[in-house]
Amino acid sequence: MKPLRLCVQVLLVCLSLMGGWTGAQAQALSEVEQERQMMRDLQRTQDEIRLMQFRLEGNQISIRPERAYEQDQKLLQAQELSSRVVQSLERRSRLVRARLQELGEDAGDEADQATLHNERMQLRRADAALRADLRVARLVQLETQQTRQLLREATKRYEYAKRWQRNSSLVLFESLPELKEAWPADRQRLSDFAQQWRQTWQTSSWQQSSASLWMAGAVLILTSCLFRVMPVWVSRYLPAGRLRRSSLTIANFLLWFVLSWIVADLVVELLFDRPDLQALQLDLLAHLKISAVIAAVAFACIKGIVMQPRATWRLIPISDQAQRGLRYFAPAFFLIAFADITDVFFQASLGMSDAFQSLIDGVSSVLYLLLYGYGLWVLRGELFGKTDAVGQGGAKTARGWARLAFKGAVLIYMLVLGLFVGGWQGLSDDLMSHFITMPLVFGLLTYVGMVWLQDVSDSLLTYLQNRSRDPVAAPIRVQSQFIVVFFAIARMTVLGLAVWLISGDWLSEPKQLLESGLDVSREALRLGAVQWRLDLWLIALGVMLVGAVLIHFLRVWLRQNYMPNTTLEPGLQNAIVGMVGYVAYFVLLVICLSMLGVPIESVTWIFTALTVGLGFGLRGIVQNIASGLMLMVERPVKVGDWVEVEGSEGNVRQIRLRATYVERFDRTMVMVPNAQMMGRQVRNLTYTPTSLGAIESRLLFPLDVDADAVMQILRDAVLSEPEILDEPAPILSCDGIFGDGVAFSTRCFINSMRVHRRVRSNLMLDILRRLRQQGISLHPAQRWVQEAMDKDRAEDEDL
């Protein structure tokens, strides 16, 4: 029995081994068959992709978004299939190469068996076939990416064409026939989708969702407490000043955003988040959640930044009357924005007709127009009403900017209203979105962010000045300059980010937009190197205007914020600001010319020729500019100096590239060309601020005068004048005999030449008074003595 049992066990083992081998072989064959089937599917997909690519490239067609969405899903499936094929073929290719490496190369002798040689040849052919299939699969991946890009461009062409295309006006009831024709199919889609939700709500309860009413209640209680304690915390932990108000505004914005977003998200989840949702239901749920986030941002901007309950908390100063008039603006804006963002689902996912989508967009536009019209009416009374108080300084400038922005908003509002009534609904929606809604939301965020950064910068500068005993020390100046530059870059970053978010496709593809709207041909008329295309000229004009505004703000920032933290002279500060402005305008002009198609080399040659022509034709102006640069570098004359030049005497007020402006003591302004300032004699009475001033006088008396009495009178008069310095001591001398007279001179020193004339006048009046009291008279030839005195002074200066 034992031998028989042993034979049966051996037989079973052999059968199991044979079954495993046949199963492995069958599995290998099935994998090969799957790869062959995937390759056949991939080849069919490649033919479809190439056909789609040919249609998109050759005909320049435009595709509706819903149709583009379906084709994009097919392309995604093709890309996924090609990825699976690539992974499978790469795995088999690695196995084949590993087996070839194990077998090695042909030995070339009789020891190498024929079976191994045949196996090597089969493996090499298989590896070549796998490499060819891999190239095909990777080519399909590349063609899929290119086709998706062409599909996006075709969708954009459809959007551009629809934007500038006039449709049936909703206000004039021109769209009713189209809506009536498409309503049965749209109603069936809506009914089927509503039936899905009814079945979902019948089979599940709101309590099965992940949301909780307890969470909503906890958020409400927590945010209510934070609203009360936030002003206390801000007043306690932040220094007094504008930083408290801007920080409190940001805190209120964050609290309102968190509150509105979490509550809206919880409400959406309680109503729609149920188990076993279908694809369309999940898509609607995703749209509702995204709408909750975006609408919460809009609500927080209005409620947390503008609608502060107390006037002292408001970063944007509006009256209590305007605040009460706009108290329902933020909730209405939240609901309209939520509905406007959600209606994208009906066309993108549900596939509703264009007539139905136009109806929804039209209703949304009407609600927006009503809301904005009410807001502009309230702000009109705030900016132009009787409560308008005349402000001074920054407040008056801010109100001027606010009125300018209000007038621009009214102009855009009237344009949008006219386009909407006329039937250009797509263009009116884009204008409303890019020039009213998005600037309102992102403009408020940008304004708060920039004000907060400026307040932080001012607080740090004040802290440095209070901390240092010497506010003008070098380390304090370096730290102040770093703070000013760093926060200026931060503010420009915030502004640039806001412009990028607001602009959207208006700046990303302006040429296509203008070409689609203005029907400008790509075959431009050329005159030399300049392209005479309307879209390019409009873009260059826009860049020129924006660049000029930015250069203006750059110069204001340099003059008011950065330069005061340096030790440069006021004249040099103005010169640097002027040079920065000239260079910036030159670069802006070169950029605009290059946008019109003028090469940079041509621009360089043009300016070189202009420079040569100016050098010969306007030599005087060029000479003045060169002299102005030398004045700025050498600084023999500074702003505030007391100078005498060409018979004019006064204080230097401005040093520009072409001329120097000297304010005379009679309050008139003299413009002295810089060539005269550098090429002629200029007397600077206050060249060194720390130098002393001197008062000189020479008096001629008859020969029979009492010299001792005269010297005593001069000494008493000098000592009685309080502004004459004791150190250096005054110099009194007898200069000798001139003809029939004897001359006496005085030289006194004062702290500043600014008081020279007044002290000299007081001294001379006192001397004459004392001489009259002693009965001493001057020689009749006193004029000759003054001329001799001036001659001696000139000789001393030459020495």
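Please read all numbers here as calculations on a predicted model, not as lab measurements. (Residues numbered from 1 in each chain as written. Predicted model: local features only at pLDDT ≥ 70, side-chain atom pairs only at ≥ 80, totals over all residues. Heavy atoms only, no water.)

**Some details on the sheet that holds strand E8 (residues 693-702)**
Judged by pairing direction, the sheet is antiparallel, and its three strands sit side by side in the order E8-E10-E9 without closing on themselves. The sheet is open, and its two edges are formed by E8 and strand E9 (731-738), each paired on a single side. In this sheet, neighbouring strand axes are inclined to one another by 20 degrees on average, regardless of whether the strands run parallel or antiparallel. Two elements, E9 and strand E10 (residues 741-750), share seven bridges in a ladder whose sense is antiparallel. Paired with Ser-733 across the strands is Ser-745, a residue of E10. Each of E8, E9 and E10 is contacted by helix H22 (residues 707-720), which is oriented at about 20 degrees to E10, the strand it contacts most. The sheet contacts of helix H23 (residues 756-774) involve E8 and E10, and relative to E8 the element is tilted by about 25 degrees. (Pairing = 2+ DSSP bridges. Helix = DSSP H or I, 4+ residues; strand = E, 2+ residues; numbered from the N terminus. Axes fitted to C-alpha atoms, helices over the stretch in contact; angles between N-to-C directions. Contact = heavy atoms within 4.5 Å.)

**Observations concerning the nonpolar core**
By size, the foremost hydrophobic cluster in this structure holds 57 residues, and its most contacted members are Ile-302, Phe-333, Tyr-368, Tyr-372 and Met-432. Of all elements in the fold, only helix H4 (176-203), helix H6 (242-272), helix H7 (279-306), helix H9 (329-342), helix H11 (354-384), helix H12 (394-422) and helix H13 (425-467) reach the threshold of two or more residues within this core. Per element, the largest residue contribution to this core is 13 residues, and it comes from H7. Aside from chain neighbours lying at most four places away, what touches Tyr-368 is Phe-333, Ile-336, Ala-337, Asp-340, Met-432 and Thr-437. Counting 25 residues, the second largest nonpolar core, distinct from the first, contains Met-38, Ala-68, Leu-130 and Leu-151. (Core = buried A, V, L, I, M, F, W, Y, C linked by side-chain atoms within 4.5 Å. Buried < 20%, exposed > 50% of the residue type's maximum accessible area, 1.4 Å probe, protein only.)

**Considering the pattern of salt bridges**
This structure, assessed with the given rule, holds 15 salt bridges. Between Arg-50 and Glu-143 there is a salt bridge; the shortest N-O distance is 3.1 Å. Taken as a pair, Arg-50 in helix H1 (residues 2-59) and Glu-143 in helix H3 (residues 114-163) lie far apart in primary sequence, 93 residues in all. Under the relative-accessibility criterion, Glu-143 is labelled buried at 10%. A salt bridge links Asp-735 to Arg-698; the nearest nitrogen and oxygen atoms lie 3.0 Å apart. On the criterion of sequence distance, the pair formed by Asp-735 in strand E9 and Arg-698 in strand E8 is long-range, its members being 37 residues apart. For Asp-735, a relative accessible area of 28% puts it in the partly exposed group. Under the relative-accessibility criterion, Arg-698 is labelled buried at 12%. Connected through shared salt-bridge partners, Arg-242, Asp-455 and Asp-458 make up one network. (Salt bridge = Lys/Arg side-chain N within 4 Å of Asp/Glu carboxyl O.)

**Side note on H13**
For H13, with 43 residues, the first-to-last C-alpha span of 60 Å sits near the 63 Å given by 1.5 Å per residue. The largest bend in H13 is about 45 degrees, located at Pro-439. (Expected span 1.5 Å × (residues − 1). Bend = angle between axes of the 7 residues up to and from the residue.)

**Regarding the packing of aromatic side chains**
Evaluated as defined, the whole model comprises 18 aromatic pairs. With centroids separated by 5.2 Å and ring planes inclined at 80 degrees, the aromatic side chains of Trp-197 and Phe-272 adopt a geometry described as edge-to-face. With Trp-197 in helix H4 and Phe-272 in helix H6, this residue pair connects regions lying 75 residues apart in the sequence. For Trp-197, a relative accessible area of 4% corresponds to the buried category. On the numbers, 5.8 Å between centres and 15 degrees between planes, the contact of Tyr-368 with Tyr-372 is stacked. In this pair, Tyr-368 and Tyr-372 are both assigned in helix H11, four residues apart and thus about one turn of the helix distant. For Tyr-368, a relative accessible area of 6% corresponds to the buried category. Residue classification places Tyr-372 among the buried residues on the basis of a relative accessible area of 6%. Each residue in the set Phe-227, Trp-256, Phe-299, Phe-334 and Phe-338 is aromatic and connected to the rest through ring pairs, giving one cluster. A cation over an aromatic ring shows up here: Arg-380 above the ring of Trp-377, its NZ or CZ 5.0 Å from the ring centre. (Phe/Tyr/Trp six-rings, centres within 6.5 Å; stacked < 30°, edge-to-face > 60°. Lys NZ or Arg CZ within 6 Å of the ring centre and 35° of its normal.)

**Observations concerning the packing of H4 against H7**
Viewed as axis vectors pointing N to C, H4 and H7 meet at an angle of 90 degrees, and their least axial separation amounts to 10 Å. Judged by the inter-axis angle, H4 sits roughly perpendicular to H7. Along the contact surface, H4 presents Phe-193, Gln-196, Trp-197 and Thr-200, while H7 presents Leu-280, Gln-281 and Leu-284. (Parallel < 35°, antiparallel > 145°, perpendicular 65-115°, else oblique.)

**So, the sheet that holds strand E7 (residues 682-684)**
Taken together, five strands build an open sheet; the order of strands is E6-E5-E4-E3-E7 and the sheet is antiparallel. Each end of this open sheet is capped by a strand with a single partner; those strands are strand E6 (669-673) and E7. Neighbour-to-neighbour, the strand axes of the sheet open up by a mean angle of 40 degrees, direction not taken into account. Where strand E4 (residues 648-655) and strand E5 (residues 659-664) come together, five bridges link them in antiparallel fashion.

**A few points about the confidence of the model for the chain**
Averaged over all residues, the pLDDT of the chain equals 76, while 77% of them reach at least 70. Note that residues 505-511 has pLDDT below 50 and, in this model, 16 contacts with residues that lie over four places away or in other chains. Here residues 518-525 scores under 50 on pLDDT; set against residues more than four positions off or in separate chains, the count is 15 contacts. (pLDDT = per-residue confidence, 0-100.)

**Some words on the packing of H22 against H23**
Interhelical geometry of H22 versus H23 gives an angle of 140 degrees and a closest axis separation of 9 Å. Judged by the angle between their axes, H22 and H23 are oblique. Between H22 and H23 lies a crossing of right-handed hand. Residue-level inspection shows Ile-713, Leu-714, Asp-716, Ala-717, Val-718 and Ser-720 of H22 in contact with H23, the latter providing Leu-763, Asp-766, Ile-767, Arg-770, Leu-771 and Gln-774. A breakdown of the residues in the contact of H22 with H23 according to their chemical character gives seven nonpolar, two polar and three charged. (Left-handed = near helix turned anticlockwise from the far one by under 90°. Nonpolar A, V, L, I, M, F, W, Y, C, P; charged D, E, K, R; others polar.)

**Some remarks on the pairing of E10**
Judged by how many residues are buried, E10 sits mostly within the fold: nine of 10 residues are covered. The antiparallel pairing of E9 with E10 creates a hairpin that spans two residues between the two strands, and Gly-739 there sits at a positive phi of about 70 degrees.

**Here's the deal with the environment of Met-215**
Examined against the element boundaries, Met-215 turns out to sit in helix H5 (residues 213-237). In this structure Met-215 comes out as partly exposed when scored by relative accessible area, which is 47%. The sequence separation of Met-215 and Val-263 amounts to 48 residues, and the corresponding C-alpha distance is 8.8 Å.

**Some remarks on the pairing of strand E3 (residues 642-645)**
Both E3 and E4 contribute to a ladder of four bridges, which runs antiparallel. The residue of E4 that forms the bridge with Trp-642 is Asn-651. Pairing geometry for E3 and E7, over three bridges, is antiparallel. Each residue of the ladder has a partner; that of Glu-644, found in E7, is Arg-683.

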